[in-house]
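Now for the letters of each chain:
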Amino acid sequence: MDDYEIIQCIGEGSFGRALLCRDLTSLEEVVIKQVDLSAQSDEIREASLRETKLLSELNHPNIIKSYDSFLEDGVLCTVMEYAAGGDLAAKIRSAKELGFQFTEFVILNWFAQICLAIQHIHMRRILHRDIKSQNIFLDADGNAKLGDFGTAKCLEETGDLANTVVGSPFYLSPEICQGVPYNSKTDIWSLGCVLYEMCTLEPAFSGE
């Protein structure tokens, strides 16, 4: 971390934290996601390493870029692109509080960009499995970028079906809820839930 100046913590959870930092060489603002692998289970350790590897292989204008990763005292640090516009969930909350709707142009623009990001990962046989408004970020120009690949799964063959139950309740596809094998269509269901949320400022589904 000697090459970076920490500006502030912008996110913290049970598995790690996200720091807004400044690269002391380029002076560019970046996000460094830290996960203490030494204190985590094998499952979380593998998910963190998998996300780092996946992000490094993806190169698309609508996917959060991964610049570098390194281990420091048992902590995995992933240096990523900073989305200055925050996440889509915050935008939706703000719009609801202020009492305005997004225009059709804005919704279609974000939707098309998210579709392009999903197409990019699906062409590489990668399922995101946790597409939700909190994992869609906006850059300074308002462009949508898909991020947080911690639950992603790469299928060995296009026709392979996944079985693990992962994701966020509001966005889970029926296949995952029913515990049956699923494929890339589960991401499309979640995408539909995000589209509904952008249009109505409410989640498509609620309940226990």
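Anyway, here's the lowdown on the structure attached to this text. (Residues numbered from 1 in each chain as written. Predicted model: local features only at pLDDT ≥ 70, side-chain atom pairs only at ≥ 80, totals over all residues. Heavy atoms only, no water.)

### Some thoughts on the pairing of strand S1 (residues 4-12)
Quick note on the threshold: Pairs of strands are assigned from DSSP output, requiring at least two bridges between the strands. Secondary structure elements are defined from DSSP: runs of H or I of at least 4 residues count as helices, runs of E of at least 2 residues count as strands, and each element is numbered from the N terminus.
For S1 and strand S2 (residues 17-23), the ladder comprises 7 bridges, and the chain directions are antiparallel. Paired with Gly11 across the two strands is Ala18, which belongs to S2. Counting the residues in the hairpin turn of S1 and S2 gives 4 residues.

### Considering the packing of aromatic side chains
Worth spelling out the cut-off: For Phe, Tyr and Trp, rings pair up if their centres lie within 6.5 Å, where Trp contributes its six-membered ring, and each pair is then called stacked (planes under 30 degrees apart), edge-to-face (over 60) or tilted (otherwise). Exposed residues in this analysis have more than 50% of their type's maximum accessible area, buried residues have under 20%, and partly exposed residues fall in between, with area computed by a 1.4 Å probe over protein chains only.
Using the criterion set out here, one finds 3 aromatic pairs in the structure. Taken together, a centroid distance of 6.1 Å and an interplanar angle of 85° make the contact between Phe100 and Phe102 edge-to-face. Classification of Phe102 by relative accessible area gives buried; the value is 12%. Taking 5.8 Å as the distance between ring centres and 10° as the angle between the ring planes, the aromatic pair formed by Trp189 and Phe205 counts as stacked. With Trp189 in helix H5 (residues 185-200) and Phe205 in the segment after H5, this residue pair connects regions lying 16 residues apart in the sequence.

### Quick look at the sheet that holds S2
We count it as follows: Under this scheme, a helix contributes an axis fitted over its contacting stretch, all axes are lines through C-alpha atoms, and angles between N-to-C directions fall in the 0 to 180 degree range. Contacts were defined at the residue level, with two residues in contact if any of their heavy atoms lie within 4.5 Å.
Overall, antiparallel pairing links the 5 strands, which are arranged S1-S2-S3-S5-S4 in an open sheet. Two strands close off the open sheet at either side, each with one partner strand: S1 and strand S4 (66-72). Each strand of the sheet is rotated relative to its neighbour by a mean of 25°, with strand direction disregarded. Sitting on the sheet, helix H1 (residues 42-57) touches strand S3 (29-36), S4 and strand S5 (75-81), and the angle it makes with S5 is about 30°.

### Observations regarding the nonpolar core
Note the following rule: Think of a nonpolar core as a cluster: buried Ala, Val, Leu, Ile, Met, Phe, Trp, Tyr and Cys residues, connected wherever their side-chain atoms sit within 4.5 Å.
Leu146, Phe149 and Val194 are the most contacted members of the largest nonpolar core, which totals 33 residues. Secondary structure elements with two or more residues in this core: H1, helix H2 (88-98), helix H3 (104-123), strand S7 (136-138), strand S8 (144-146) and H5. In terms of residue count, the dominant contributor to this core is H3 (6 residues). Excluding residues within four positions of it along the chain, Phe149 makes contact with Glu51, Leu54, Leu55, Leu58, Ile63, Ile121 and His128. Core analysis: the second largest hydrophobic core is formed by 9 residues, Tyr4, Ile32, Cys77 and Val79 among them.

### Here we look at the packing of H3 against H5
Here is the rule we go by: With respect to orientation, any angle under 35 degrees is reported as roughly parallel, any angle over 145 as roughly antiparallel, any angle of 65 to 115 as roughly perpendicular, and every other angle as oblique. Helix crossings get a hand from a simple test, with the near helix turned counterclockwise from the far one by less than a right angle marking a left-handed crossing and a clockwise turn marking a right-handed one.
Where H3 meets H5, the closest approach of the two axes is 11 Å, and the angle between their N-to-C directions is 165°. When the axes of H3 and H5 are compared, the pair comes out roughly antiparallel. The handedness of the crossing between H3 and H5 comes out as right-handed. Contact residues: H3 offers Ile107, Trp110, Phe111, Ile114, Cys115, Ile118, Ile121 and His122, while H5 offers Asp187, Ile188, Leu191, Val194, Leu195, Met198 and Cys199.

### Remarks on the pattern of salt bridges
The criterion, for reference: Here, a salt bridge means any side-chain nitrogen of Lys or Arg that lies within 4 Å of a carboxyl oxygen of Asp or Glu.
Summed over the entire model, instances satisfying the criterion amount to 6 salt bridges. Lys33 serves as the salt-bridge partner of Asp148, at 3.8 Å between the closest nitrogen and oxygen. Highlighted residues: Asp148 in the loop between S8 and strand S9 (153-154) and Lys33 in strand S3, separated in sequence by 115 residues. Judged by its relative accessible area of 31%, Asp148 is partly exposed. Put simply, Glu81 and Lys145 hold a salt bridge, and the shortest N to O gap is 3.1 Å. Taken together, the residues span a long stretch of sequence, with Glu81 in strand S5 and Lys145 in strand S8 at a distance of 64 residues. Neither residue differs from the other here; Glu81 and Lys145 are each classed as buried. Residues joined in a network through salt bridges with shared partners are Glu5, Arg22 and Glu29.

### Observations concerning unusual backbone geometry
Positive phi, normally seen in glycine, also occurs at Asp148, with a value near 55°. Phi is positive for Leu201, close to 65°, though the residue is something other than glycine. Tracing the chain through its elements places Leu201 in the segment after H5.

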